[in-house]
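Each chain, letter by letter, is given below.
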Amino acid sequence: MENIFINLATMIRDFLAGLGLSPTAVDIVMVSIQAISILVFLLLNVLFLVYLERKVSAYIQQRLGPNRVGPRGFFQTTLDVIKLLGKEDIVPDCADKWLFRLAPIAIFIPTMMVFAVVPFGENMIAVDLNIGIFYFVAIASTTVMAFIMAGWGSNNKYSLLGGMRTVAQMISYEIPLVFSLLGVVMITGSLKMSEIVAAQQNVWFIVSQPLAFIIFFIAATAELNRAPFDLPEGEQEIVAGPYTEYSGMRFALFFLAEYANMVAMSIIIVTVFLGGWHGPFLPSWLWVFIKMYLVITLFMWLRWTFPRIRVDHLMSLNWKVLLPLAIINIVITGVVIKVIQWF
Amino acid sequence: MLKEQCDITTQEFQLNMGPQHPSTHGVYRAILTLDGETVTNVENVMGYLHRGMEKIAENRNYTQFIPYTDRLDYIAPALNNWAYVGVVEKLMGLEVPERAEYMRVILGELQRIANHLVYVASFALDLNGFSAWMYMFRDREKILDLFEMVTGSRMTLNSMRIGGMPSEFPSEFIPALEKLLEELPGCFEEYDGIVTGNEIFHARTKNIGIMNAETIINYGIGGVNLRAAGLKYDLRKEMPYSVYDQFEFDIPIGEQGDCFDRYVVRMEEMRESIRIIKQAIAKMPDGPIMAKVPRIIKPSKGEAYFHIEGAKGWLGFYLVSDGSTNPYRLHIHAPSFVSLGAFPEMSRGTYIQDLVAILASIDIVLGEVDR
C-alpha cells in the first residue's frame, strides 16, 4: 500500500524503456505523466471541495445543503460546472480584451506550479529542488497578477476597487507569511522540502513553532482571499470585486482557482508544520491527504463563523501585529537554537 | 524638481451603488463620490419602489386600504395596520374594546420582535456573518408560524380592523406563543455569542456612524435611532396610546449613537417586548373584540394625526376626511424616509465598508421610504 504510486511509476518507466525509447524520451514522458496526474489530483480535489464547502456551511447554518443531485448531493459541483459551461460568454464592450480573457487562466498557473515541490508522500515529490520552500514563496506571490488583470481589464469601478484591495492585501500579507517560514528553515537548516519533512520525524513544527503556525495560518487565509479576509470579493460592498463582470466558464475558473489555491496552501501547511507524511500505520500519502483535509476544514469553519474585517484594520493587523510577532519569533528561534548548540 | 515629479494627483470618482445591489436593503440607489476607499459624498436617490400608496388611498374606502398598509413596511406589517386603523378610529372618535387593544399589543410587540430579528440578521449579513443571519431567520420563522395561525398569512397580515380585531385568537395560539417566549431568550444568547461578542464585529461597528442626539432631533428622527444616541424617549411611555400605560417595561438607551449602540438597543428592545407580551397575555380581559362600527365607514369632516412607536421609528398617519367613504388625503409619515435623510451626513468621511454597516444600522425598508 505504501509504495503503490512509486511502484506504478516504476512499472510505467520500465514499460516505456521496454518500448525502446531513449532515456531522455522516457524522462520527458514520465514528467508529463506526473504533471498531468498532479493536475487531475488538483481538479478532482477542487470539485469535491466545492461540494464540501457547501455542505459544511449548510450544517453550520442548520440547513442541509445540496442533497438532490446524486447520493447526498455529491454530483452538485459537476453539474454546476456543466451548467456554467453552457452559459453565454459575455465580454463587456470596453473591457481590455486580452487582460479580461487571460485573467481566469493566469490565476491557475501559479497554483499548478506550486505542486512541483510538494511531497505527496515518502519519496513522492515531483521535483525535489534544494530551494523548495523558496520556490513556493516566489511562485505564490505571482498569483496577485491575475487579480489585477481581472480588476483592471473589466472596465468596472467595482472591479477596480476589488482589484486594488486584492493587491494591497496579498502583497502585504506575503511578508508575515515568509517570515513565519523562516523559523522553520532555521531549525531545519535547509530550504529543501524533503528535509523539512524529515526534520519533523520526532516533533512536528507546530509544536516547536506554534507562533509561526498561527501567523502562517492567518496570513494564508489572507492570501487565499477567504473570510474574514475576503475583501476583494466583498459581496456586500463591491458586488463581486474583480469577478463582477465575469460570467459562465470564466467565473467558474475563478471560483475553482480559489479552491485550488486552498488545496495548495493547505498541503504546504501540512508539509511545513504538520509533519508532512509522517504518521503511524497508514501509508504516507494517505496521511498527507487526511491532514490536508483537516486544514481545509479549519479554513471553512473560520469562513462561516466570522464577519469581514475592514480594510484599514486588515492593514494594521498585518503591519502592526503579524509582522512584529513574526520577527520576534525569528529572534527567539535563533536564540534557542544557539543555546541548544552550546549544550 | 524632484518634489514636482512627486506631485501625483488622485481624482475622486463617482460610484453608483445602484438599485440592484446585494446590500442596499431594497431598491435604493446611492451615488457615492469616492476618494480611493473613502466616501466624500453620498447622494440619496429614492423612488424606485414608489407605488403611489397615498394616491391609491384616495380611491379606496377606509377598510379597503388596510391591506395596502401591510405593504408599506413589509417587515413589520402589523404595526402599519395599527397606525392606520388608529388614525381612522381617532377621527371617528371610536373606542376600541379593551380585549381588542390587548390583542393588538400582543401582535404589535410580536411584530416588533420579528422586525428586530430581520434587522440584526441583515446587519450581520452585511458584515458577512452568514451563519448569524441563518440563525436569526430560523427563529423568525417560528414567529411567522404564529402569525399564520392568527391571520392566515405570514407577512402581509391584514390583522386589524377599524374598531377592533377581525376575529378571536385561535385556541392553540396562546400556548404556542408562551412556548415561543420561553425559547427566545436562549436564542438571544446564541446571537450574543456569535455576533455581539465578536471582536471583528466590534471593530466594524464601534465609533462608526456616530450621530449625537442633537443632530438626530434636528433631522426629526425618532425611535431606536434616537434612543441609541442616549435620549430616553419612547412614544409608548411619553404619549401612551392603546393600553401601554398598563404595562411595566424599560426603555433601553445607548451611549453615543454609533452602529454598535443601535444594534445593542434593538437587541434589548426585543427582550423588553417579550416582557410586554407576557404581561399582556396575563392581563387580557374577556369581552368583545369589535366596537360598534357602522357598516359603511364615513368619518365626519376633519383631520387627525396618529402615530405609534413603530419598529423603525415614529410611524404616523395623517388623515383628512371630507365626510365621504374615501379619505380625502392620507399622508404617511415613514420613519425610514426620515432616517435615510440623515444617512449622507452620517457617512461622510467613512470607508465604503462602513457605509454599508451604517446603512444596515439605521434600519430602513424601501417600501416605507418610497410608499
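Since we're looking at a predicted model, the values are computed, not measured. (Residues numbered from 1 in each chain as written. Chains lettered and ligands numbered in written order. Predicted model: local features only at pLDDT ≥ 70, side-chain atom pairs only at ≥ 80, totals over all residues.)

Caption draft 1: Examining the overall build of chain B more closely. Counting secondary structure elements, chain B contains 15 helices and six strands. Rg of the C-alpha trace for chain B: 22 Å, near the compact-globule value of 21 Å for 371 residues, within the 12% margin. The principal-axis extent of the C-alpha atoms belonging to chain B is close to 90 × 50 × 35 Å. Within chain B, buried positions represent 48% of all 371 residues. (Helix = DSSP H or I, 4+ residues; strand = E, 2+ residues; numbered from the N terminus. Rg over C-alpha atoms; globule rule 2.2 N^0.38 Å. Buried ≥ 20, exposed ≤ 12 C-beta atoms within 10 Å, placed from the backbone.)

Caption draft 2: Molecular detail of the interface of chain B and chain A. Taken residue by residue, the interface counts 24 residues in chain B and 20 residues in chain A. Mapped onto the side of chain B that touches chain A, the elements with two or more residues apiece are strand 1 (13-17), helix 5 (98-126), helix 6 (130-151), helix 8 (199-205) and helix 14 (352-361) of chain B. Its residues assigned to classes, the side of chain B that touches chain A comprises 13 nonpolar, seven polar and four charged. (Contact = placed C-beta atoms within 7 Å. Nonpolar A, V, L, I, M, F, W, Y, C, P; charged D, E, K, R; others polar.)

Caption draft 3: Representation of the confidence of the model for chain A in the model. Scored by pLDDT, chain A comes out at a mean of 86, with 98% of its residues at no less than 70. Highest mean pLDDT in chain A belongs to helix 11 (residues 210-223) of chain A (92); lowest belongs to helix 12 (residues 235-238) of chain A (62). (pLDDT = per-residue confidence, 0-100.)

Caption draft 4: Inspection of the nonpolar core at higher detail. Residues and elements named next belong to chain A. The biggest cluster of nonpolar side chains holds 193 residues, and the ones touching the most others in it are Phe216 and Ile269. When residues in this core are grouped by element, the largest group, 18 residues, is from helix 13 (residues 248-273). Once residues lying within four places of it in the same chain are set aside, the contact partners of phenylalanine 216 are Leu177, Ser180, Leu181, Ile269 and Phe273. (Core = buried A, V, L, I, M, F, W, Y, C linked by C-beta atoms within 7 Å.)

Caption draft 5: Layout of unusual backbone geometry. Residue and element names in this part refer to chain A. A positive phi is found at glutamine 62, a non-glycine position, where the angle reads about 60 degrees. Assignment of secondary structure puts glutamine 62 in the loop between helix 2 (23-60) and helix 3 (76-85). What makes glutamine 62 exposed here is the crowd of 10 C-beta atoms within 10 Å.

Caption draft 6: Geometry of the sheet that holds strand 2 (residues 29-35) of chain B. Residues and elements named next belong to chain B. If you trace the three strands from one edge of the open sheet to the other, you get 1-2-3, paired in antiparallel fashion. Whereas interior strands pair on both sides, the edge strands pair on one side only; in this sheet they are strand 1 and strand 3 (38-45). On average, each strand axis in the sheet is inclined to that of its neighbour by 25 degrees, with strand direction left out of account. Here strand 2 pairs with strand 3 via seven bridges, running antiparallel. Within the sheet, the bridge partner assigned to arginine 29 lies in strand 3 and is valine 45. (Pairing = 2+ DSSP bridges. Axes fitted to C-alpha atoms, helices over the stretch in contact; angles between N-to-C directions.)

Caption draft 7: Fine view of the packing of helix 5 of chain B against helix 6 of chain B. Residues and elements named next belong to chain B. At a closest axis distance of 8 Å, the pairing of helix 5 and helix 6 adopts a crossing angle of 165 degrees. In this view, helix 5 runs roughly antiparallel relative to helix 6, as classed from their interaxial angle. Along this stretch, helix 5 crosses helix 6, giving a crossing that reads as left-handed. Between helix 5 and helix 6, the residues in contact are Leu110, Ile113, Ala114, Leu117, Val118, Val120, Ala121, Ala124 and Leu125 and Phe130, Ala132, Trp133, Met136, Phe137, Asp139, Arg140, Ile143, Leu144 and Leu146, respectively. Each residue belonging to the contact of helix 5 with helix 6 can be placed in one class, and the counts come to 17 nonpolar, no polar and two charged. (Parallel < 35°, antiparallel > 145°, perpendicular 65-115°, else oblique. Left-handed = near helix turned anticlockwise from the far one by under 90°.)

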